[in-house]
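# Coordinates in review
Take a look at the letters that make up each chain.
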Amino acid sequence: MDRKKAKVLAGEDRISRLPDDIIHRILSLFSTFDVVRLGTLSKRWKHLSDSVPFLHLTPGIKKFCKAVNTCLERRENDLLNATNSPISKFMLVRKCCAKNKYIDRCMNFVAQSGNLKELNLDISFYSNKLYSLPQCIVNMRSLTILKLRRVSLEGIVSLHLPSLISLELHYVKLNDPILHNLLSACTAIQKLCLICCFGSISNPKISSSTLKSLEIILSWTEYQIEAVNLQSLVLQVRDFNLSSCGKIQKLSLMSINTFTGGMMEDLILQLPLLEYLDISFCSKIQNLKIYKQHLKRFVFIGNDCCPESVITIHAPNLVSFRLLQRCVPSNFSVIAPKILDADINICGQKPYDFQWYLNLHNFLSQFDISKQLTLRLDECISFPTEFRRIHCPPLPTLKHLKIIPLSMSSHIKDALLWLAPSATLSIQDSKFYFMD
C-alpha cells in the first residue's frame, strides 16, 4: 500500500499541518471558549489557541466567570512575557444580574492591550441599569473599529480615538456634549451609526470633514449634519438639516413625516452626484417630481396614497426601480429608458373597479422596456375578462416576468398570460408583505 494512503487510513492529522495563519482563520469562526477546548486536541493546537489574535467572549457558557479567568490569565501572561501574540480584536457579549468584577477585568485587559484594533461590547443587565463605559476605553489610540451596545457614555470626561474609522452605537445612552466630543476625538472617522440611541439629545450636530457614511435610526429629534465628504446617508429621525453635503451618492429617508415633496425636490437639487434614492413611509410626500441625470436606483415605499398624487421620475440612467404601495396613483410617471430591473409590490384594497385596473394597466405599461419585472401582487393582478377584451396587454414585449403571489388561481394565471404574452413567466413562493 502507498505510504501516503497508509497515513491517511491511520488517521493522519492534516489540519495540524496547515500554516499558523490558516489555522487562526479557522479558529476565528469559533468563540474563545470553544477555541480553548480545541486547544486540548494537541500541543500545537494548544499553542495556537493561546496565540490567536482575537478574544470572543460570548454567552452560552454556564461557568462564564471561570472561563473568563482562564482566558484572560493566559493572555495576561503573554503580555507580561512579551510573547508575539498581540490581541487585535476583542468581543464581549454578556447579560448579567448586576455589574461584576469579571466585566471590569475584561475592560482592564482591553485597556492594557496596546495594539487592539477592533472592540465590540454588548453588556446588558436584567435590570434597567446600563453599564458605564470606563474612561480608558475611549482613549485607546490603536482602535480602528468600535461597536457598543447597551452601555452608557454619560460619565465620559475626555476622549481620544485618533485611529478610529468606524463607530457603531446601538441603544447607547449619550447627550449632545458627548456626541460632539466623540466626533472631535475621532479625527479619522469614516463611518458612524447611531441606532436607537437615547438620553439628553436635544440639539445634536454631526460635523466631520472625514465622515463618508452616516446612519441614524429611531432618533426623534432634529439633526444638523455638516460633512463635506459624506457619500452615504440613512436617516430615520424627526427632521434634519444638511449643510455642505454635496458629495452624497446614496440617500435613504424613513418615516420623516415633516418632509414634503417640495422639500425633497429642493434637497435633491443640492445633491448632484446622487445615484441611490430610497424614500420610505414619508407620509407628507404625496406630490414629487425628480429629474436626476445620475440616479441609478430608486425605491419608493409609501403609506396610503392619495388618488390625486402626481409623481414623476425622470432618470435617463435609472437601472433599478422598486415600489411598495397600497394603490397606484393615476399620475405616476417613470421615464427611464435604461431600466433593467423593476420590483413592484401593490397590495390594493377591495373592491377593484374599472378605474383601478386602468390605472394599474397604464402604470405597468411603463416597464415593458425593462429587462426583468417582478410583481408581488395579490388578486388585484387578476384583470377581468371584460377589461382584457377591450385593452391591449400592458407588457407586450417584456422578456422576463417573475410573480410572487399571495395565491394562484386559474383566473390569475389567465390574466398573467395576457399581461405579458412574450415573457418567460416564473412563479416564486415568498412571504407577502402588507403595510399596516
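Residues numbered from 1 in each chain as written. Predicted model: local features only at pLDDT ≥ 70, side-chain atom pairs only at ≥ 80, totals over all residues. Heavy atoms only, no water.

## Section: the packing of aromatic side chains
- Under the counting rule described, the total for this entry stands at 15 aromatic pairs.
- Seen from their ring centres, Phe 298 and Phe 300 are 6.2 Å apart, and the 20 degrees between their planes marks the pair as stacked. Per residue, the accessibility class of Phe 298 equals that of Phe 300, and both read buried.
- Aromatic pair Tyr 357 and Phe 383: ring centres 5.3 Å apart, planes at 50 degrees, arrangement tilted. Here Phe 383 lies in the loop between β22 (372-377) and α10 (385-390) and Tyr 357 lies in helix α9 (residues 354-364), a separation of 26 residues in the sequence.
- Overall, the relative accessible area of 7% leaves Tyr 357 in the buried class. (Phe/Tyr/Trp six-rings, centres within 6.5 Å; stacked < 30°, edge-to-face > 60°. Buried < 20%, exposed > 50% of the residue type's maximum accessible area, 1.4 Å probe, protein only. Helix = DSSP H or I, 4+ residues; strand = E, 2+ residues; numbered from the N terminus.)

## Points about the environment of Ser 255
- Within the element layout of this structure, Ser 255 appears in the loop between β14 (250-254) and α8 (261-269).
- Here Ser 255 falls in the partly exposed class, since its relative accessible area comes to 22%.
- Residues Ser 255 and Leu 218, spaced 37 residues apart in sequence, show a C-alpha to C-alpha distance of 9.2 Å.
- Non-local contacts of Ser 255, meaning those with residues more than four positions away in its chain, are made with Trp 220, Gln 236, Val 237, Ser 280, Phe 281 and Cys 282. (Contact = heavy atoms within 4.5 Å.)

## Looking at the sheet that holds strand β16 (residues 288-291)
- Ordered in space as β16-β18-β20, the three strands form an open sheet in which the pairing is parallel. Each end of this open sheet is capped by a strand with a single partner; those strands are β16 and β20 (331-335). Strand-to-strand, the axes of this sheet are offset by a mean angle of 5 degrees, without reference to chain direction.
- Across four bridges, the pairing between β16 and strand β18 (residues 310-314) is parallel. By the bridge assignment for β18, Ile 290 is matched with Ile 313. (Pairing = 2+ DSSP bridges. Axes fitted to C-alpha atoms, helices over the stretch in contact; angles between N-to-C directions.)

## Observations concerning unusual backbone geometry
- Not every positive phi belongs to a glycine, and Tyr 171 is a case in point at roughly 55 degrees.
- Relative to the elements of secondary structure, Tyr 171 occurs in the loop between β7 (166-170) and β8 (173-175).
- For Tyr 171, a relative accessible area of 37% gives the class partly exposed.
- Residues other than glycine seldom take positive phi values, yet Cys 196 does so here, at roughly 55 degrees.
- Its place among the elements puts Cys 196 in the loop between β9 (191-195) and β10 (198-200).
- Given the relative accessible area of 16%, Cys 196 is considered buried.

By themselves these figures say nothing about function.
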